[in-house]
Amino acid sequence: MADRRTHGTTQEVPAERFARESLVTLHGMRPYRIEQNPRVVPSDCMVVLQTNRYSVPWRLVGERVELAVVSHELRVFHCGEVVATHRLSTGRHQIVCKAEHFRGLFRQPDSQVHPGPQTAPSGLMWRAGTVDVEVRDLGVYEALASGGGR
């Protein structure tokens, strides 16, 4: 009924204006999309959107990504490609992670890069961007501090 009355502001009948503008119904419309400002991925692999933290693949630490909200989903883009998707958190100050975003962060030492004696007792190396950092048992430092050595 309202579409057939003359609108007070436009002084036109909405149904006639709708037909003239060739608008489509909401049923055929794509989900509402909000582009967010680009972000630089911090060293913890978590980007922030509306107080909530979402994981991205560790290989993107230091890289610029763009966040987009599509319906109830967060999409993270890098160089135009979707690199992560998460269901939007309804809470505040929540952490939303996917384990696969951290796979490859810890790896076995490469014998060419880290020869035998420098290899940590745990055998793990942590990759921070392009720098590899050894993971050692704290007992190594305690022994050195007390004058002993390994």
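Fair warning: this is a prediction, and the values are worked out from it, not measured in the lab. (Residues numbered from 1 in each chain as written. Predicted model: local features only at pLDDT ≥ 70, side-chain atom pairs only at ≥ 80, totals over all residues. Heavy atoms only, no water.)

Participant: Looking at this model, I keep getting lost on the overall build of the protein chain. Mind explaining?
Facilitator: When its secondary structure is counted, the protein chain shows two helices and eleven strands. Its helices and strands taken in sequence order, the protein chain reads α-β-β-β-β-β-β-β-β-β-β-β-α from the N to the C terminus. Looking at the protein chain residue by residue over its 150 residues, the buried ones come to 22%. In the protein chain, the share of contacts with a sequence separation of at least 24, taken over all contacts with a separation of at least 6, comes to 36%. Accessible surface, the protein chain: about 10900 Å² in total, of which carbon and sulfur atoms supply 53%. (Helix = DSSP H or I, 4+ residues; strand = E, 2+ residues; numbered from the N terminus. Buried < 20%, exposed > 50% of the residue type's maximum accessible area, 1.4 Å probe, protein only. Contact = heavy atoms within 4.5 Å. Areas by Shrake-Rupley, 256 points an atom, 1.4 Å probe, with all protein chains shown as cover.)

Participant: Honestly, the side chain of Ser55 in this entry has me stumped. Any pointers?
Facilitator: As for its placement among the helices and strands, Ser55 is situated in strand 4 (residues 52-55). Owing to a relative accessible area of 0%, Ser55 belongs among the buried residues under this scheme.

Participant: Mind showing me how you'd approach the pattern of salt bridges here?
Facilitator: When the charged atoms of two side chains lie near each other, side chains of opposite charge can form a pair. Evaluation of the coordinates by the stated rule reveals five salt bridges. Salt-bridge contacts for Asp44 lead to Arg53; the nearest nitrogen and oxygen are separated by 2.1 Å. Judged by relative accessible area, which is 34%, Asp44 ranks as partly exposed. In the salt-bridge network here, residues are joined through shared partners; they are Glu12, Arg17, Arg20 and Glu21. (Salt bridge = Lys/Arg side-chain N within 4 Å of Asp/Glu carboxyl O.)

Participant: In this structure, what is going on with unusual backbone geometry? I would like to understand it.
Facilitator: Phi is mostly negative for residues that are not glycine, and the peptide bonds are mostly trans. Phi is positive for Thr51, close to 70°, though the residue is something other than glycine. Within the fold, Thr51 resides in the loop between strand 3 (46-49) and strand 4. With relative accessibility at 25%, the residue Thr51 sits in the partly exposed group. Of note, His93 is a non-glycine position whose phi angle comes to about 60°, a positive value. Relative to the helices and strands, His93 resides in the loop between strand 7 (81-87) and strand 8 (95-96). For His93, a relative accessible area of 61% corresponds to the exposed category.

Participant: Could you clarify how one ought to interpret the confidence of the model for the protein chain in this entry?
Facilitator: Where the model shows low pLDDT, its predicted coordinates should not be examined in detail. Put simply, the protein chain has an average pLDDT of 78, and 69% of its residues get 70 or more. Per-residue pLDDT stays below 50 along residues 114-122; that stretch engages in 15 contacts with residues further than four places along the chain or on separate chains. (pLDDT = per-residue confidence, 0-100.)

Participant: Is there a simple way to explain the pairing of strand 7 in this structure?
Facilitator: Walk down a regular strand and you will see the side chains alternate between the two sheet faces. With six bridges joining them, strand 6 (residues 73-78) and strand 7 adopt antiparallel strand pairing. Looking across to strand 7, one finds that Arg75 is bridged to Thr85. If you look at the hairpin formed by strand 6 and strand 7, you'll find two residues sitting between the two strands, and Cys79 has a positive phi there, around 55°. (Pairing = 2+ DSSP bridges.)

Participant: Sorry if this is basic, but what is going on with the sheet that holds strand 3 here?
Facilitator: Hydrogen bonding along the main chain pairs the strands of a sheet, whether they run parallel or antiparallel. Sheet architecture is open: three strands sit in the order 3-4-8, paired in mixed fashion. Here the strands that pair on one side only, and so sit at the sheet edges, are strand 3 and strand 8. Pairing analysis gives four bridges linking strand 3 to strand 4, with the strands arranged antiparallel. Bridge pairing links Leu49 to Asn52 in strand 4.

Participant: Mind showing me how you'd approach the nonpolar core here?
Facilitator: Nonpolar side chains in soluble globular proteins generally cluster together in the buried interior. If you look at the biggest cluster of nonpolar residues, it comprises 13 residues, and the most contacted ones within it are Val47 and Val76. Mapped onto this core, the elements with two or more residues apiece are strand 3, strand 5 (64-70), strand 6 and strand 7. Apart from the residues within four sequence positions on either side, Val47 is in contact with Arg39, Val41, Asn52, Arg53, Tyr54, Val56, Val65 and Leu67. (Core = buried A, V, L, I, M, F, W, Y, C linked by side-chain atoms within 4.5 Å.)

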